[in-house]
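# Per-entry structural report
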Amino acid sequence: MTSGIMLEVDPTVLEKPEEENYDSTGYDTSTASLSSSFNQYFFENGRQYHSYYGKDKYLLPTDKKERDRLDFHHEIMRLAWDDDLHKAPLKKPRRILDVGTGTGIWAIDMADKYPMAVVIGTDISPIQPKWVPANCRFEVDDAMLNWTFKNNSFDYIHARNISSGVSNWKHLVAQMMRCTVPGGYVELSEMEIKAHCDDGSMKADNGLKIYVEHLRESMRKMGRQIVDANLLKNLLEEAGFEDIQTFKAVEPVGPWPKDPKLKKIGAMTLLHTDGVFESYGMAAFSRVLGMDN
């Protein structure tokens, strides 16, 4: 409450005082309008990209081709982790948050696995499906801003493959710490931006190696940290998390491994390269690095 301040009413409102939606002011205050504003995209090199929070907020596409790729990679990840959706020893979680939920496929699977939990997925783009389990919902939000969730809001917070859109890891992890209940869990799952052969046979002019080096260069130019398990562990420790554990899985490119599971992962990863190189590289190389061919 304030005193001594008089706010002047817009004359157009006084002309139509019966209006409840303020159409005469030039502002559309309906929820439909607010929702549609989040659906601001632009097209570049034949792909659709996010624009509501800024064109350089996230460099991967948001179109159907990309959504299909994300869902396919989710299946690769499930196979790599022996069909586990998480490594945290969850028992009866009540509230779960998925940061950078993308298509929402992980959040939906978690809602099915834990039907008594409320699962919330946040993302800067509303590209999630409309038909979801009753205990799952999605919200448009930028994780790089201060979170609106209250302290100790979640038993478990999850984030996967979001490093290309994270401009401040310390801020992100601090928000996770604030919003996790005492005794709760945070799980970060990131791909190392690195290409190598176990036997050291990858040559300097290998196409995949060159691609990855350019990708790392673009991330550095954007001020994005190139993450690995040690960096994430240190960030969690600095934020005050305890009992931190690290796990690693591999994604061979091609069905060359002898192990049946890795052979299948390799075959799926090779198929995945049909879209992943363009998704990660198109805007990064053309927009950030200035490449034209």
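Residues numbered from 1 in each chain as written. Predicted model: local features only at pLDDT ≥ 70, side-chain atom pairs only at ≥ 80, totals over all residues. Heavy atoms only, no water.

The subject of this paragraph is the overall build of the chain. For the chain, the count of helices and strands is 8 helices and 7 strands. Across the 293 residues that make up the chain, the buried fraction comes to 42%. As presented, the chain carries roughly 17200 Å² of accessible surface, and 53% of it is formed by carbon and sulfur atoms. (Helix = DSSP H or I, 4+ residues; strand = E, 2+ residues; numbered from the N terminus. Buried < 20%, exposed > 50% of the residue type's maximum accessible area, 1.4 Å probe, protein only. Areas by Shrake-Rupley, 256 points an atom, 1.4 Å probe, with all protein chains shown as cover.)

What follows is about the sheet that holds strand S4 (residues 118–123). Taking strand neighbours across the sheet as the criterion, the 5 strands line up as S5-S4-S3-S6-S7 in an open arrangement whose pairing is parallel. Edge positions in the open sheet fall to strand S5 (136–140) and strand S7 (180–189), since each of these has one partner strand only. This sheet shows a mean twist of 20° between the axes of neighbouring strands, independent of strand direction. Helix H5 (residues 169–179) rests against strand S3 (95–99), strand S6 (154–160) and S7 of the sheet, and its axis sits at about 145° to S7. (Pairing = 2+ DSSP bridges. Axes fitted to C-alpha atoms, helices over the stretch in contact; angles between N-to-C directions. Contact = heavy atoms within 4.5 Å.)

Evaluated as defined, the whole model comprises 2 cavities of 30 Å³ or more. What the largest cavity holds in volume is close to 80 Å³. Surrounding the largest cavity, Leu 59, Leu 60, Ser 164, Leu 215, Ser 218, Met 219, Met 222, Tyr 280 and Ala 284 form its lining. At the level of secondary structure, the elements contributing two or more residues to the lining of the largest cavity comprise helix H6 (207–222) and helix H8 (260–288). At 4 residues, H6 tops the list of elements feeding residues into the lining of the largest cavity. Of the voids in this model, the second largest cavity is the one considered here, and its volume is about 40 Å³. Leu 97, Val 99, Thr 122, Asp 141, Ala 143, Trp 147 and Phe 149 together form the lining of the second largest cavity. Its residues placed into classes, the lining of the second largest cavity shows 5 nonpolar, 1 polar and 1 charged. (1 Å grid on protein atoms, 1.4 Å probe; cavity = no way out; pocket = protein on both sides within 12 Å on 5 of 7 lines; lining within 4 Å. Points joined across faces, edges and corners; volume = space filled by probe spheres on them. Nonpolar A, V, L, I, M, F, W, Y, C, P; charged D, E, K, R; others polar.)

Turning to the packing of aromatic side chains, a few remarks are in order. Following the criterion strictly, the structure yields 7 aromatic pairs and no others. Each ring, one from Tyr 211 and one from Phe 277, has its centre 4.8 Å from the other, and the planes form 50°; the classification is tilted. Here Phe 277 lies in helix H8 and Tyr 211 lies in helix H6, a separation of 66 residues in the sequence. We classify Tyr 211 as buried; its relative accessible area is 14%. A connected cluster of aromatic rings, assembled from ring pairs, spans Trp 147, Phe 149 and Phe 154. Positioned over the ring face of Phe 42 is Lys 55, at 4.6 Å from the centre of the ring. Seen from the ring of Phe 247, Lys 87 lies directly overhead, with NZ or CZ sitting 5.5 Å from the centre. (Phe/Tyr/Trp six-rings, centres within 6.5 Å; stacked < 30°, edge-to-face > 60°. Lys NZ or Arg CZ within 6 Å of the ring centre and 35° of its normal.)

Attention now moves to the pattern of salt bridges. Following the criterion strictly, the structure yields 16 salt bridges and no others. The residue Asp 84 makes a salt bridge to Lys 87 at a minimum N-O spacing of 3.7 Å. What makes Asp 84 partly exposed here is its relative accessible area of 33%. For Lys 87, a relative accessible area of 30% translates into the label partly exposed. The salt bridge partner of Glu 192 is Lys 194, with a shortest N-O separation of 3.2 Å. Looking at Glu 192, the relative accessible area reads 31%, which means it is partly exposed. (Salt bridge = Lys/Arg side-chain N within 4 Å of Asp/Glu carboxyl O.)

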